[in-house]
Amino acid sequence: MARNPAAQTAFGPIVLAGVEQHEPPGRRLVDDDLAARFLPAPTRWLVAATRPVPLRRLLVAAMDRGGPGLWANLACRKRYIADKLREALGEIDAVVVLGAGLDTAAYRLARETSLPIFEVDQSINIARKAKTVQRVLGEPPKSVRLVALDFERDELLTTLTEQGYHTDYRTFFVWEGVTQYLTADAVHATLDGLRPVASGSRLVFTYVRRDFIEGVNLYGAKQLYRKVRQRRELWHFGLQPEEVAEFLARYGWRPIEQLGPEQIVQRYVKPTGRNLTASEIEWSVYAEKS
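Note that the structure is predicted; figures quoted are calculated from it, not measured.

**Quick look at the overall build of the protein chain**
1) Next: For the protein chain, the helix and strand inventory stands at 13 helices and seven strands.
2) Next: Here the C-alpha radius of gyration of the protein chain, 18 Å, is about what a compact globule of 290 residues would show, namely 19 Å.
3) Next: On the principal axes, the C-alpha backbone points of the protein chain span a range of 50 × 45 × 40 Å.
4) Next: When burial is assessed residue by residue, the protein chain has 54% of its 290 residues classed as buried.
5) Next: Across the protein chain, contacts joining residues at least 24 apart in sequence account for 75% of those joining residues at least 6 apart.
6) Next: In the protein chain, 40 side chains carry a positive charge and 35 a negative one; their mean positions are 8 Å apart.

The following block contains the structure:
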């Protein structure tokens, strides 16, 4: 399978989730019993090697040297999405995961509900996901459908409806760790394409601060900036926290909550007793369709 720089980023968050499973339940930032199993063999071995506490600490420290606080952000954004999805289950008709990568949420959710779940991603990731699900689960859940789409070129709702999606579904959309990899045109086109979705639909998405993208404030993450902006232009789109409400209102969404570093630490990190900071670079937003 051809290498694709953006597609390769699908591994990192699942490695992190897999490593977190070695923590005792009370110290764990995210629960995901499928994470390690969804990884290819060499990466599964890496996750297994972090069972000893000192090796886990070294891995967290190595990641935080590249981007201070990113370990907590990546783990806790998954926890946040899971919390909001669980809260909304009685009020939605479908789930759509945009940029699904190797995320396991659809398959864990399918154990609890028969709601239709659509996993959307570029074709290279959808092909990888289909093989992974076949290897790990044998038969994929009937409620989960894999949808290949190019956010830069394809119309989201048109592609989804071809796979059985209905625009009158009150839908929970998950857009995790994706927007920064897209052009501004693709982000706007995606939200514009979601205008017809049913009132009461929900959206959780993450974004990277624009002042980081533009190099105005690196928040102590010079190594990360060199990687995603200078060596390879992987990250393109950013927002500022104070812009989010107006940005979403253009497309008919009302923000309910933003999760920044202070909220991450207070809500998720402190109860575990772990001494972790959270990054200013990435924020999560929970919104409802007006």
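What follows continues from the structure just given.
**A closer look at the layout of surface pockets**
1) Next: Of the pockets and cavities examined, the second largest pocket occupies roughly 460 Å³.
2) Next: For the lining of the second largest pocket, the secondary structure elements donating two or more residues are helix H5 (70-88), strand S1 (94-98) and helix H6 (105-109).
3) Next: If you tally residues by element for the lining of the second largest pocket, the top one is H5, at seven residues.
4) Next: Broken down by class, the residue content of the lining of the second largest pocket amounts to 11 nonpolar, no polar and 11 charged.

**What about the sheet that holds strand S4 (residues 171-175)?**
Hydrogen bonds between backbone atoms are what pair the strands of a sheet, whose relative direction is either parallel or antiparallel.
1) Next: Overall, mixed pairing links the seven strands, which are arranged S3-S2-S1-S4-S5-S7-S6 in an open sheet. In this open sheet, the two strands that pair with only one neighbour each are strand S3 (144-148) and strand S6 (253-259). Shown here is a sheet whose adjacent strand axes are inclined to one another by a mean of 20°, direction ignored.
2) Next: Judged from the four bridges that link them, S4 and strand S5 (residues 202-208) form a sheet pairing that is parallel. When the bridges of S5 are listed, Phe173 appears paired with Leu203.

**Remarks on the pattern of salt bridges**
Side-chain pairs of opposite charge can arise where the charged atoms are in close proximity.
1) Next: Summed over all chains, the structure comprises 26 salt bridges.
2) Next: Residue Asp150 pairs with Arg153 through a salt bridge whose shortest N-O separation is 2.5 Å.
3) Next: Here Asp150 falls in the partly exposed class, since its relative accessible area comes to 25%.
4) Next: Here Arg153 falls in the exposed class, since its relative accessible area comes to 68%.
5) Next: With its nearest N and O atoms 2.5 Å apart, the salt bridge here joins Arg267 to Glu257. Of this pair, Arg267 sits in helix H13 (residues 261-269) while Glu257 is found in strand S6, placing the two residues 10 residues apart along the sequence.

**Quick notes on the nonpolar core**
Proteins that are soluble and globular tend to have nonpolar side chains buried together.
1) Next: Of all hydrophobic cores here, the largest spans 58 residues; its most connected members are Val95, Phe172, Phe212, Leu224 and Trp235.
2) Next: Per-element tally for this core: the top contributor is H5, with 10 residues.
3) Next: With near-sequence residues (within four places) excluded, Leu224 lies in contact with Gly66, Leu70, Phe212, Trp235 and Ile281.
4) Next: The next biggest cluster of nonpolar side chains, apart from the first, holds 35 residues, and it includes Val120, Val244, Leu248 and Tyr251.

**Digging into the packing of helix H4 (residues 53-66) against H5**
1) Next: Packing of H4 against H5 brings their axes to within 8 Å, and their N-to-C directions diverge by 105°. When the axis of H4 is compared with that of H5, the two are roughly perpendicular. Residues Leu59, Val60, Met63 and Asp64 of H4 form the contact with H5, whose own contacting residues are Leu70, Trp71 and Leu74.

**A word on unusual backbone geometry**
1) Next: One non-glycine residue, Tyr219, lies in the positive phi region at around 50°.
2) Next: As for its placement among the helices and strands, Tyr219 is situated in the loop between helix H10 (210-213) and helix H11 (222-231).
3) Next: On the basis of relative accessibility, which here comes to 21%, the residue Tyr219 falls in the partly exposed class.

Cut-offs and rules
- Residues numbered from 1 in each chain as written.
- Predicted model: local features only at pLDDT ≥ 70, side-chain atom pairs only at ≥ 80, totals over all residues.
- Heavy atoms only, no water.
- Helix = DSSP H or I, 4+ residues; strand = E, 2+ residues; numbered from the N terminus.
- Rg over C-alpha atoms; globule rule 2.2 N^0.38 Å.
- Buried < 20%, exposed > 50% of the residue type's maximum accessible area, 1.4 Å probe, protein only.
- Contact = heavy atoms within 4.5 Å.
- Lys, Arg positive; Asp, Glu negative; His and termini not counted.
- Charge placed at Lys NZ, Arg CZ, Asp CG, Glu CD.
- 1 Å grid on protein atoms, 1.4 Å probe; cavity = no way out; pocket = protein on both sides within 12 Å on 5 of 7 lines; lining within 4 Å.
- Points joined across faces, edges and corners; volume = space filled by probe spheres on them.
- Nonpolar A, V, L, I, M, F, W, Y, C, P; charged D, E, K, R; others polar.
- Pairing = 2+ DSSP bridges.
- Axes fitted to C-alpha atoms, helices over the stretch in contact; angles between N-to-C directions.
- Salt bridge = Lys/Arg side-chain N within 4 Å of Asp/Glu carboxyl O.
- Core = buried A, V, L, I, M, F, W, Y, C linked by side-chain atoms within 4.5 Å.
- Parallel < 35°, antiparallel > 145°, perpendicular 65-115°, else oblique.

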